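# Per-entry structural report
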Amino acid sequence: SDASGLDLSSRPGIYSNGAVVRGIGGAPLYALDLPSELLGSLGELAREEGICVLYNDIDDFWTPSLDAPMALHLHDDYGDPHPKQGVPSKAQLIHLVGREQELDRIEARVRSAFSGTCAVGRNLPTDLVATHPDATKGRAAARLCEALGLSRYLAIGDSGNDVSML
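Residues numbered from 1 in each chain as written. Predicted model: local features only at pLDDT ≥ 70, side-chain atom pairs only at ≥ 80, totals over all residues. Heavy atoms only, no water.

We now examine the sheet that holds strand β7 (residues 93-97). Read from one edge to the other, the open sheet built from six strands follows the order β6-β5-β4-β7-β9-β8, with strand pairing classed as mixed. The sheet is open, and its two edges are formed by β6 (84-85) and β8 (119-124), each paired on a single side. The strands touched by helix α1 (residues 36-49) are β4 (52-57), β7 and β9 (127-131); relative to β7, the strand with the most contacts, the crossing angle is about 5 degrees. Most of the contacts of helix α3 (residues 100-113) go to β8, to which it runs at about 165 degrees, and overall it touches β7, β8 and β9. (Pairing = 2+ DSSP bridges. Helix = DSSP H or I, 4+ residues; strand = E, 2+ residues; numbered from the N terminus. Contact = heavy atoms within 4.5 Å. Axes fitted to C-alpha atoms, helices over the stretch in contact; angles between N-to-C directions.)

This is the structure in structure tokens:
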């Protein structure tokens, strides 16, 4: 459920930049988990850099500290779920959230350090994300269409991670 109160968990859709797909009635079609060691590595990097890390596990967001700068940014400003305090055992998407200048400074380092382990993208100027290398919205759209028996679909996007489904 997002800030609007709309519960999307029972609806077919593509979530977490294509890492999670739900079919009819919200039944899970797949969730591409990131390697567990990546949760620790990106969490440590966030701590070192003084930025916030948010772990997205299906419908839940987690952060080691709700007091961290920008821990509530995605919730307050974009309606994402309110994060729980802690670190989950698995995640399909990891957000590194900080001021634009902070993320500009570390983006190349994150991309090179984790190349092949995850795909790194920039959803917002304040949000650097890591997903499974196979998580694309194009692949997710194809899987969802197959499950729903659709031969075509309409897609609308507003970010670079949407290109593969257009």
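There is more to say after this.
So, on to the nonpolar core. Among soluble globular proteins, nonpolar side chains are generally buried collectively. In terms of nonpolar packing, the biggest core is built from 20 residues, with L42, I94, L96 and V110 touching the most fellow members. When residues of this core are traced back to their parent elements, those giving at least two are α1, β4, β7, α3 and β9. Among the elements that make up this core, the one with the highest residue count is α1 (five residues). Ignoring any residue separated from it by four or fewer positions in sequence, one finds L96 in contact with L42, L45, A46, I51, C52, V53, L103, I106, V110, T126, D127 and L128. Of all hydrophobic cores here, the second largest spans seven residues; its members include A19, Y30, L32 and A140. (Core = buried A, V, L, I, M, F, W, Y, C linked by side-chain atoms within 4.5 Å. Buried < 20%, exposed > 50% of the residue type's maximum accessible area, 1.4 Å probe, protein only.)

Interhelical geometry of α1 versus α3 gives an angle of 155 degrees and a closest axis separation of 12 Å. Judged by the inter-axis angle, α1 sits roughly antiparallel to α3. Considering only the axes of α1 and α3, their crossing is right-handed. Contacts between α1 and α3 involve L42, L45, E48 and E49 from the first element and R105, I106, R109 and V110 from the second. The class makeup of the residues in the contact of α1 with α3 is four nonpolar, no polar and four charged. (Parallel < 35°, antiparallel > 145°, perpendicular 65-115°, else oblique. Left-handed = near helix turned anticlockwise from the far one by under 90°. Nonpolar A, V, L, I, M, F, W, Y, C, P; charged D, E, K, R; others polar.)

The sheet built from three strands is open, its strands ordered β1-β2-β3 with antiparallel pairing. In this open sheet, the two edge strands, each paired with only one partner strand, are β1 (13-15) and β3 (28-31). For this sheet the average axis-to-axis angle between neighbouring strands, irrespective of direction, equals 10 degrees. As defined by bridge partners, β1 adjoins strand β2 (residues 20-22) across three bridges and the pair is classed as antiparallel. Bridge pairing links I14 to V21 in β2.

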